[in-house]
Amino acid sequence: MARNIDTGRQLCVAPDRPWPLASIAKVPLALVVADRVARGELGGDTAVTLQPAGRSPGPTGFSAFRHPATCAIDDLLLQMITVSDNAAADALFELVPPADVTSRLRYWGVDAIHVRHPMRLMYEAATRVAGPDFTLGRRLAVEGSRAGGGHVIDSLDVHRATVGSAGALVELLCRIWTDDVASPAATATVRDAMAKQPASPRIGADLQADDVAIAAKTGSFLTLRHEIGVVEYGTSRVAIAALTVSERIARIQQDVDLAVGAAARDAVEALA
């Protein structure tokens, strides 16, 4: 789904379909944490120590550290969004549990995003049925669908996973970019963090130019290859949610990423 934030014109395919969100869930978590900081319920400079034992897996950030590390809440949020640091996310989930994130979203009128688990449980759901072999995990991701949206891997099951729809995510992005949700300081924090994501490999794949600014967040897990973000081109701002699942088990699928990028460029050109 893509929507011009200022005109409301939009393009969409199945905008209400629920999807397991993977790391896209870090955006609503960031918004709730930033709002609590803005309202004085959490101190942005409060130091949190992350221990190696039980740390969430992941290739980036504190997830890859071998020793205890101490970081302020504000910087955990930045790590979580910019490099998709799972350990940073789960440290924030310790402070603001998934149920609290969902409750706050409901208070703000966001009804189609359900945050149900920390990042660590997303991986544990896969290793529980596939062990540490993620090739087998991807095969089960392709072959393990059940009737009614169920799945043998809980974190791919729309009834158990953290889920959201493209329509709900685009609406949330529009509200973040217009300061129509949470506190203005919180929305500014989320916009700034998303603008610092080092690359936009999907919606930005075909939109790299000096006059294009992209603030985005990826979400990748097994066969899920998501990205949401806002593309600013000239005076136009287009919010995009690209939620995809592959039917192949390869870890690298550049053709899928490029297809998402081509669709995003077409949407921006149509709506700008």
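Just above, that's the structure.
Just so we're clear, the structure is a prediction, and the values are computed from it rather than from any experiment.

Peer 1: Explain the overall build of the protein to me, using residue names and the numbers behind them.
Peer 2: Each helix and strand counted, the protein has 9 helices and 10 strands in total. By the compact-globule yardstick of 19 Å for 272 residues, the protein fits well, its C-alpha radius of gyration being 18 Å. Principal-axis analysis of the C-alpha atoms places the extent of the protein at approximately 50 × 45 × 35 Å. Within the span of the protein, comprising 272 residues, buried residues form 53% of the whole. The long-range fraction of contacts in the protein, counting pairs at least 24 apart against all pairs at least 6 apart in sequence, stands at 64%. Carbon and sulfur atoms make up 51% of the accessible area of the protein, which amounts to about 11,800 Å² in all. For the protein, the centre of its 27 positive side-chain charges and the centre of its 31 negative side-chain charges are spaced 5 Å apart.

Peer 1: Go over the side chain of Asn4, please, and point to the residues and values.
Peer 2: You can see Asn4 is positioned in strand 1 (residues 2-4). Judged by its relative accessible area of 3%, Asn4 is buried. In this structure the side chain of Asn4 is engaged in a polar contact, spanning 2.9 Å, whose partner is the backbone nitrogen of Asp6. For Asn4, the residues in contact, after removing those within four places along its chain, are Arg9, Ser236, Arg237, Val238, Leu271 and Ala272.

Peer 1: Which residues make up the side chain of Asp85, and what are the values?
Peer 2: Along the chain, Asp85 turns up in the loop between helix 2 (73-82) and helix 3 (86-95). The charged side chain of Asp85 is buried without a salt bridge, its nearest counter-charge being Lys26 at 6.8 Å. Of the polar contacts made by the side chain of Asp85, one reaches the backbone nitrogen of Phe62; its length is 2.5 Å.

Peer 1: Run through the pattern of salt bridges, naming residues and quoting values.
Peer 2: Oppositely charged side chains can form a pair if their charged atoms are brought close together. Applying the stated criterion across every chain yields a total of 20 salt bridges. For Arg104, the salt bridge is made with Asp35, and the minimal N-O distance between the two is 3.9 Å. With Arg104 in helix 4 (residues 98-107) and Asp35 in helix 1 (residues 26-38), this residue pair connects regions lying 69 residues apart in the sequence. Classification of Asp35 by relative accessible area gives buried; the value is 2%. Among the salt bridges present, the one from Asp206 reaches Arg265, with a minimum N-O distance of 3.8 Å. Of this pair, Asp206 sits in the loop between helix 8 (184-195) and strand 8 (212-221) while Arg265 sits in helix 9 (residues 254-271), and the two are 59 residues apart along the sequence. A relative accessible area of 36% means that Asp206 is categorised as partly exposed. Salt bridges sharing common partners tie together Asp35, Arg36, Arg39, Glu41, Asp100 and Arg104.

Peer 1: Give me the lowdown on the pairing of strand 8, citing residues and values where you can.
Peer 2: When you tally the buried positions in strand 8, you get 8 out of 10 residues, the bulk of the element. With 10 bridges joining them, strand 8 and strand 9 (residues 224-233) adopt antiparallel strand pairing. Looking at strand 9, one finds that Ala216 is bridged to Gly229. Where strand 8 folds back onto strand 9 in an antiparallel hairpin, the turn is made up of 2 residues, including Leu222, whose phi is positive at roughly 55°.

Peer 1: Tell me about the nonpolar core, and name the residues and values.
Peer 2: Core analysis: the largest hydrophobic core is formed by 68 residues, its most contacted members being Leu76, Leu77, Met80 and Ile113. With 9 residues, the single largest contributor to this core is helix 7 (residues 166-177). In this structure Met80 touches Lys26, Leu29, Ala30, Asp85, Ala88, Ala89, Leu92 and Lys217, once residues within four positions along its chain are discounted. In terms of nonpolar packing, the next biggest core, distinct from the first, is built from 15 residues, Ile203, Ile214, Val260 and Ala267 among them.

Peer 1: Summarise unusual backbone geometry; cite the residues concerned and give the values.
Peer 2: Unlike most non-glycine residues, Ser84 shows phi in positive territory, near 55°. Residues other than glycine seldom take positive phi values, yet Asp179 does so here, at roughly 55°. Inspection of the secondary structure puts Asp179 in the loop between helix 7 and helix 8.

Peer 1: How would you explain the sheet that holds strand 2 (residues 10-11) if you had to name every residue and give the values?
Peer 2: Taking strand neighbours across the sheet as the criterion, the 5 strands line up as 2-1-10-9-8 in an open arrangement whose pairing is antiparallel. Two strands lie at the open edges of the sheet, namely strand 2 and strand 8, each paired on one side alone. In this sheet, strand 2 lies alongside strand 1 in antiparallel orientation, the contact comprising 2 bridges. Paired with Ala2 across the bridge in strand 2 is Leu11.

Reading the values: rules and limits
Residues numbered from 1 in each chain as written. Predicted model: local features only at pLDDT ≥ 70, side-chain atom pairs only at ≥ 80, totals over all residues. Heavy atoms only, no water. Helix = DSSP H or I, 4+ residues; strand = E, 2+ residues; numbered from the N terminus. Rg over C-alpha atoms; globule rule 2.2 N^0.38 Å. Buried < 20%, exposed > 50% of the residue type's maximum accessible area, 1.4 Å probe, protein only. Contact = heavy atoms within 4.5 Å. Areas by Shrake-Rupley, 256 points an atom, 1.4 Å probe, with all protein chains shown as cover. Lys, Arg positive; Asp, Glu negative; His and termini not counted. Charge placed at Lys NZ, Arg CZ, Asp CG, Glu CD. Polar contact = N/O pair within 3.5 Å; in protein donor to acceptor, adjacent residues only side chain to side chain. Salt bridge = Lys/Arg side-chain N within 4 Å of Asp/Glu carboxyl O. Pairing = 2+ DSSP bridges. Core = buried A, V, L, I, M, F, W, Y, C linked by side-chain atoms within 4.5 Å.

Just geometry here; none of it tells us what the structure is for.
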